[in-house]
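Okay, here's what each chain looks like letter by letter:
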Number of protein chains: 2
Amino acid sequence: MVESRRGASARAPRTNFESASHRIVLGDCVAEMSKLQAGSVDLVFADPPYNLQLKGDLKRPDESHVDAVNDDWDKFDSFSAYDDFTRAWLLAARRAMKPSATIWVIGSYHNIFRVGAIMQDLGFWLLNDIVWRKTNPMPNFRGRRFTNAHETMIWAARDEKAKGYTFNYEALKAANEDVQARSDWLIPLCTGEERLKGADGKKVHPTQKPEGLLARVLLSSSRPGDLVIDPFNGTGTTGAVAKRLGRSYIGFERDKAYGKAAEMRIAAVEPLPEDSLAPFMTAREAPRVAFSELIERGMIMPGTKLFDAKKKLGALVRADGAIMLGDKVGSIHRMGAVAQGSAACNGWTFWHVETKKGLKLIDELRAEIRAGMAAE
Amino acid sequence: MVESRRGASARAPRTNFESASHRIVLGDCVAEMSKLQAGSVDLVFADPPYNLQLKGDLKRPDESHVDAVNDDWDKFDSFSAYDDFTRAWLLAARRAMKPSATIWVIGSYHNIFRVGAIMQDLGFWLLNDIVWRKTNPMPNFRGRRFTNAHETMIWAARDEKAKGYTFNYEALKAANEDVQARSDWLIPLCTGEERLKGADGKKVHPTQKPEGLLARVLLSSSRPGDLVIDPFNGTGTTGAVAKRLGRSYIGFERDKAYGKAAEMRIAAVEPLPEDSLAPFMTAREAPRVAFSELIERGMIMPGTKLFDAKKKLGALVRADGAIMLGDKVGSIHRMGAVAQGSAACNGWTFWHVETKKGLKLIDELRAEIRAGMAAE
DNA sequence: TTCTGCGGTGAATCTTTGT
DNA sequence: AACAAAGATTCACCGCAGA
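All values derive from a computational prediction rather than experimental measurement. (Residues numbered from 1 in each chain as written. Chains lettered and ligands numbered in written order. Predicted model: local features only at pLDDT ≥ 70, side-chain atom pairs only at ≥ 80, totals over all residues. Heavy atoms only, no water.)

Some thoughts on the sheet that holds strand 8 (residues 248-253) of chain A
Residues and elements named next belong to chain A. As a reminder of what qualifies: Here, any two strands with at least 2 DSSP bridges between them count as paired. A run of H or I in DSSP becomes a helix once it reaches four residues, and a run of E becomes a strand once it reaches two; helices and strands are each numbered from the N terminus. Throughout, an axis means a line fitted to C-alpha atoms (over the contacting stretch in the case of helices), and angles, computed between N-to-C directions, take values from 0 to 180 degrees.
With respect to topology, 8 strands assemble into an open sheet ordered 1-8-7-2-3-5-4-6, the strand pairing being mixed. Sheet topology places strand 1 (22-26) and strand 6 (184-187) at the edges, where each strand pairs with a single neighbour. Averaged over all adjacent pairs, the angle separating strand axes in this sheet is 20°, with direction ignored. Note that strand 2 (residues 41-46) and strand 3 (residues 97-107) share 5 bridges and pair parallel. Note that in strand 3 the partner of Ala 46 across the bridge is Val 105.

If you want it as structure tokens, here you go:
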């Protein structure tokens, strides 16, 4: 298992990677989610009905018919009915979420504002709104508006005070030219081979999301072994990507045909090798090392001096793990702050010891200890 | 002239172009907008307080202080108080709008969902949500979220049944390489010379919007001679752009200092010659491509290996877009540097994938994506 | 004159752990 | 629950000083 000690101890145990399970529950998502154990879910992804309220038919300039979303499940009598529906499923999802869990909801301008406001009213704490920019959106045939070239996802924690949610910052950054990931993502629509088609050759579901989108969602905010749920399973894109990425999955679906198609789809997915999924060992999750351990291990002797990078300042190492700068005594951090005249300082990356080869950062000594811990 | 024919014939005569006027009304925007003649306004642009609710300080990694929005006008006691405020100014604006007028409201995830839901509840008919993608957003300093790299604008008509609103479709398309204008706009922040500074050299207003953003708004949804109003005038960006583009303007502002600065700014603006109000062109830059996009598009599968030119080294591709060389994990660039023992490396021109025809540089795969993007 | 390096900064709901 | 301490963390662009 590739778990950081800190990460592993700070959270409830995960589902074992090898035993990851994937299932679809047929039925109403509110009723069925309420049967889950409260506080058992790591991540929720939801693609609820958009309440498009389309009137009449839409035709292309060449008079061909546009196959729009026109299903019963997308019809609501009023904003109020849609709001009630939204509150109900959000509450059921929230109950199932661990305190450290997060939730993603995707929508368009037809529904996302209502969803977002209700999420705030229910106490969810918004972390980001993410824009899915489509490389190949459907054009605006009438020429009366801007091409609707994006959808919006809301990423939120369960509560304002929620701590310890998963955000794989370093991995995202490494995958993005070493700059941090932004809130706008450019991803193509789900087309071609990936698009599920029925025996009649027609698309199974009108709003199937691209796996690339779900992959980025799961890779950014969940870890292998996590339990991911989707209240609106549809064709099971979330489940397929979850399985591929070593996450467990429960999808909820009212429509038997969708559920059947999704089950077959997910069953055919081959999980990626575990070592291609292992989380980074990040600085944030690396085990803590006390400065006194360097002394206990004999890497630094009491009475030696620590220097800043320019060797203008020298601080005396005390046997108890504090250091003395002039007549002041304190931690490596506090004394680093004093030395710089700043409010805070990471002493590990400020102080050096003198070696035959010149100054050596004490953070390198810490790294040696950590390497030894990993090898144990 | 850049006018759609359709737009020109469909409505009442406009204010004469030469007599365009520009003024700022000091006072509460709800009270003052209520004094306008009902149904007299062609376009509303509103940049209301975002209700950021910032708590403590934020410092950059270098310990410098982030100068955040901390003004009284952005403070509300609760969501409910903010909603009441929002309803009040939206209703006052709506009363002043012509039946064919449209309204733009800009916000961030802190407030835009509430604003959008209230607009729907009040009967506005949403036409688009537009994403302002910032080329140079402030980074996320703590690494706990995605960089908040965009803001959202809602563009709406007064009613569902409203006909004949202005949308300069042909001009926008001509200005955009002859393809329809999309709902995502890439525009830099307001910085440098354009940013209004006081005698102390500090920014006059914490949230001054770039003129490029307002120019695109006005060029897309108004015509020369139109009356444009802004309930939250601030430093008068809307007014300055309106004057330059031959539109009339009324701005409402509570703060006398903002009002004064805006008046001077607008007075200094020289309107463009009437016949030069041409559509504007945006240069397309070579888009940045993330390595993870190759995975998302299925061009490289997680678990496959990347090789150097001599095929002496192999690195494993991880699902998250990082690669693993030996026991080290990092970006294609970092691992290229490690492989070469150098400080830096362009991973795109270092790593290869194996194909039936031999090794293929991953930079070629990137070129394929860029070619597709250019063809959009 | 042109180039380079450094400092400043932008609507930000920006940590985690132990006492 | 409040507090203190440890310690992790930034991208694009602009202006200016100095070479």
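There is more to say, and it comes next.
Describing the interface of chain A and chain B
Condition: Any two residues whose heavy atoms approach within 4.5 Å at even a single point are treated as in contact. Here's the idea: put two parts together, see how much 1.4 Å probe accessible area each one loses, and the total over both is what we call buried area. Should a side-chain nitrogen of Lys or Arg be within 4 Å of a carboxyl oxygen of Asp or Glu, the pair is scored as a salt bridge. The definition of a polar contact used here is a pair of N or O atoms within 3.5 Å, where within protein one atom must be able to donate a hydrogen and the other to accept one, and adjacent residues in sequence count solely through side-chain atom pairs. The nonpolar class holds Ala, Val, Leu, Ile, Met, Phe, Trp, Tyr, Cys and Pro. Asp, Glu, Lys and Arg form the charged class, and all remaining residues, Gly among them, are polar.
Counting residues at the interface gives 74 residues for chain A, matched by 80 residues for chain B. Between chain A and chain B the total buried area reaches about 6700 Å² when both faces are included, carbon and sulfur atoms providing 50% of it. The largest share of the area that chain A buries against chain B comes from Phe113(A), Arg144(A) and Phe146(A), three residues that together contribute 14% of it. Scanning the region where chain A abuts chain B turns up 6 salt bridges. For Arg133(A), the salt bridge goes to Asp184(B), with nearest N and O atoms at 2.5 Å. Connecting chain A to chain B are 37 residue pairs in polar contact (both at pLDDT 80 or more). When contributions to the side of chain A that touches chain B are tallied by element, the ones reaching two or more residues are helix 4 (112-122), strand 4 (125-134), strand 5 (150-157), helix 5 (169-174), strand 6 and helix 6 (211-221) of chain A. In terms of residue class, the side of chain A that touches chain B is built from 39 nonpolar, 18 polar and 17 charged.

Notes on unusual backbone geometry
The phi angle of most residues is negative, glycine excepted, and most peptide bonds adopt the trans form. Applicable threshold: Throughout, exposure labels follow a simple rule: accessible area from a 1.4 Å probe, protein chains only, divided by the maximum for the residue type, with under 20% read as buried, over 50% as exposed, and the rest as partly exposed.
Phi at Lys311(A) is positive, roughly 60°, even though this residue is not glycine. Tracing the backbone shows Lys311(A) in the loop between strand 9 (305-307) and strand 10 (314-317). Lys311(A) sits in the partly exposed class, given a relative accessible area of 39%. The backbone of Glu63(B) sits at a positive phi, close to 75°, despite the residue not being glycine.

Things to note about the nonpolar core
As a rule of thumb, soluble globular proteins bury nonpolar side chains together. Heads up, the rule is: Side-chain atoms within 4.5 Å are what join buried Ala, Val, Leu, Ile, Met, Phe, Trp, Tyr and Cys residues into a set we call a nonpolar core.
Counting residues in each nonpolar core, the largest one holds 68 residues, and the members touching the most others are Ile103(A), Met119(A), Ile103(B) and Met119(B). Contact partners of Met119(A), with chain neighbours within four places excluded, come to Leu90(A), Ile103(A), Val105(A), Phe124(A), Leu126(A), Ile154(A) and Ala156(A).

Notes on the UniProt feature "domain: RAMA" (unreviewed entry) in chain A
Applicable threshold: UniProt positions are given in the numbering used here, feature names are shortened, and annotations may be inferred rather than shown by experiment.
As recorded in UniProt, the sites labelled "domain: RAMA" (unreviewed entry) are residues 280-371 of chain A. Span residues 280-371 of chain A is 27% helix and 23% strand, its end C-alpha atoms 15 Å apart.

Let's talk about the domain arrangement of chain A
Rules: Residue ranges for the domains trace back to a domain assignment, done automatically or taken from a database.
Along its sequence, chain A is carved into domain 1 (23-276) and domain 2 (291-374). For domain 1 of chain A and domain 2 of chain A, the distance between their C-alpha centroids amounts to 49 Å.

Considerations on the sheet that holds strand 5 (residues 150-157) of chain B
The strands that make up a sheet pair up through hydrogen bonds in the backbone, lying either parallel or antiparallel. Residue and element names in this part refer to chain B. Strand order in the open sheet made by the 8 strands is 1-8-7-2-3-5-4-6, with mixed pairing throughout. At either end of the open sheet lies a strand with only one pairing partner, and these are strand 1 (22-26) and strand 6 (184-187). For this sheet, the mean angle separating the axes of adjacent strands, direction not counted, is 20°. In terms of strand pairing, strand 2 (residues 41-46) meets strand 7 (residues 227-230) through 2 bridges, oriented parallel.

Description of the packing of helix 6 (residues 211-221) of chain B against helix 7 (residues 237-244) of chain B
All names here are of chain B. To be explicit about the condition: Here the angle decides the label: under 35 degrees means roughly parallel, over 145 means roughly antiparallel, 65 to 115 means roughly perpendicular, and every other value means oblique. Here a crossing is taken to be left-handed if its near helix is turned anticlockwise relative to the far helix by less than a right angle, and right-handed if that turn runs clockwise.
Running from amino to carboxyl end, helix 6 crosses helix 7 at an angle of 55°, the nearest separation of the two axes being 9 Å. Taken together, helix 6 and helix 7 sit at an angle that is classed as oblique. The hand of the helix 6/helix 7 crossing is right-handed. Across the interface between the two elements, Glu 211, Leu 214, Ala 215 and Leu 218 from helix 6 touch Thr 237, Thr 238, Ala 240, Val 241, Ala 242 and Arg 244 from helix 7.

Observations regarding the pairing of strand 8 (residues 248-253) of chain B
Residue and element names in this part refer to chain B. The element strand 8 is extensively covered by neighbouring structure, given that 6 of its 6 residues are classed as buried. The side-chain alternation of strand 8 yields two buried faces, one formed by Ser 248, Ile 250 and Phe 252 and the other by Tyr 249, Gly 251 and Glu 253. As judged from the 5 bridges shared by strand 1 and strand 8, these two strands associate in the parallel manner. Bridge pairing in strand 8 links Arg 23 to Ile 250. Sheet topology places strand 7 next to strand 8; 4 bridges connect them, and they run parallel. Within strand 8, the position partnered with Asp 230 by the bridge is Gly 251.

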